[in-house]
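Analysis of the macromolecular model
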Amino acid sequence: MKTDRKTMRGSAIFLTLTISAMLMGCEDKYVRDSDTTYNSDVTVPSDEDGPTTTTYHTDVTIPDDPSDVVTDQSPPDVEPPEPPPGIQYDAERSNNMLVIDRSGSMAEPADCGTADCPSKWDQLLALQGYLTEVMLVANLGLTLFPSPLEHGCSVEPSVMVPITESQDVDQQIMDVLLTTVPGGRTPLALVLDALAEAGEIDDPEVDTNVIILTDGQPNCMCETGEESCERDAAVAAVERLIERYPGLDVYIIGFGASAHDAAETLTAMADVGRNDFY
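Note that this is a predicted model, so its numbers are computed, not measured.

1. Digging into the overall build of the protein
Counting its secondary structure elements, the protein contains 8 helices and 10 strands. Looking at the 278 residues of the protein, the share that counts as buried comes to 49%. For the protein, contacts bridging at least 24 residues in sequence account for 68% of all contacts bridging at least 6. Accessible surface, the protein as shown: approximately 12700 Å² in total, 50% of it carbon and sulfur.

Written as structure tokens, this is what we have:
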């Protein structure tokens, strides 16, 4: 039985909140209660064609059997509109491509409130434990920008780990990240165009999500300092990606003060991608 879109979108929200919580420490959005149970308040469209939204309090438990994940998403103290409440994940898994920024600014200190903060890249390397958990409910892949083979704005090659359901995909991704150093600029529009051409997200039979992790403003398409031009180029790249792959969802995760400075651009990209900027 094919999983409906709302079910798979719930899986993508779970994955995105897991990663964004780890990177940014957003306890107000996502709290780790134990080794296996998570909860968050998530607002999603009640109607794909309308502006109405509903906020759900979501408890997610990772069981021993990855095909038996159940998310109880009934709003507290509110009768669910349709019984039974909740989202259930069956054996069909979504495809999720992580698109990670390795620009030079990722070597700068993260925002941790102390004088000896690790770099944003070192903070990213704490991702392994979370990948090990989320791969139970989702297929994963890795794209880096700019290309780890050279600095500047190059994005060839950019797909480092093709999307897979392999049981060691977490280690495959970490092997790449651990042997990569930050450098270069932030070619967001270019990497999305390259990803579209690579065919890694071309599977109409499986719900697919692109999850972009970046710490700031794209800066490879326009004259230096032309933020509105860069914003328009990045938004247009998301539009081209979705036009080519209808049904694709694009999520944006920003971290660090520089991501706050780029919030207008990243929010505009997320809006076109039919999701929120985290």
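More follows now that the structure is in view.
2. Some remarks on the state of the cysteines
Inspection of the entire model under this criterion finds 2 disulfides. Two residues share a disulfide in this structure: Cys153 and Cys220, whose sulfurs sit 1.9 Å from each other. Judged by the torsion about the S-S bond (-85°), the Cys153/Cys220 disulfide is left-handed. With Cys153 in the loop between β7 (138-145) and β8 (159-164) and Cys220 in the loop between β9 (208-214) and α6 (227-244), this residue pair connects regions lying 67 residues apart in the sequence. The exposure class of Cys153 is partly exposed, given its relative accessible area of 23%.

3. Remarks on unusual backbone geometry
The linkage connecting Phe145 with the following residue, Pro146, adopts the cis geometry, with an omega of -5°. Locating Pro146 in the fold gives a position in the loop between β7 and β8.

4. Remarks on the sheet that holds strand β10 (residues 249-254)
The mixed open sheet is built from 5 strands, whose spatial order is β8-β7-β6-β9-β10. Lying at the two open borders of the sheet, with one neighbouring strand each, are β8 and β10. Averaged over all neighbouring strand pairs, the angle between strand axes comes to 20°, with direction disregarded. The pairing of strand β6 (residues 94-101) with β7 spans 8 bridges and is parallel. Paired with Asp101 across the bridge in β7 is Phe145. Packed onto the sheet, helix α5 (residues 188-198) meets β6, β7, β8 and β9 and runs at close to 130° relative to β7.

5. Quick notes on the pairing of β6
Two faces make up the sheet, and in a regular strand the side chains alternate between them. Judged by how many residues are buried, β6 sits mostly within the fold: 8 of 8 residues are covered. Bridge count between β6 and β9: 6 bridges; the pairing is parallel. In the sheet register, Ile100 faces β9, and the bridge partner there is Leu213.

6. Examining the pattern of salt bridges
Evaluated as defined, the whole model comprises 5 salt bridges. Measuring nitrogen to oxygen at the nearest pair gives 3.8 Å for the salt bridge that ties Glu108 to Lys120. In this pair, Glu108 is assigned in the loop between β6 and α2 (120-124) and Lys120 in helix α2, connecting sequence segments 12 residues apart. On the basis of relative accessibility, which here comes to 40%, the residue Glu108 falls in the partly exposed class.

Quick notes on the rules
- Residues numbered from 1 in each chain as written.
- Predicted model: local features only at pLDDT ≥ 70, side-chain atom pairs only at ≥ 80, totals over all residues.
- Heavy atoms only, no water.
- Helix = DSSP H or I, 4+ residues; strand = E, 2+ residues; numbered from the N terminus.
- Buried < 20%, exposed > 50% of the residue type's maximum accessible area, 1.4 Å probe, protein only.
- Contact = heavy atoms within 4.5 Å.
- Areas by Shrake-Rupley, 256 points an atom, 1.4 Å probe, with all protein chains shown as cover.
- Disulfide = S-S within 2.5 Å.
- Pairing = 2+ DSSP bridges.
- Axes fitted to C-alpha atoms, helices over the stretch in contact; angles between N-to-C directions.
- Salt bridge = Lys/Arg side-chain N within 4 Å of Asp/Glu carboxyl O.

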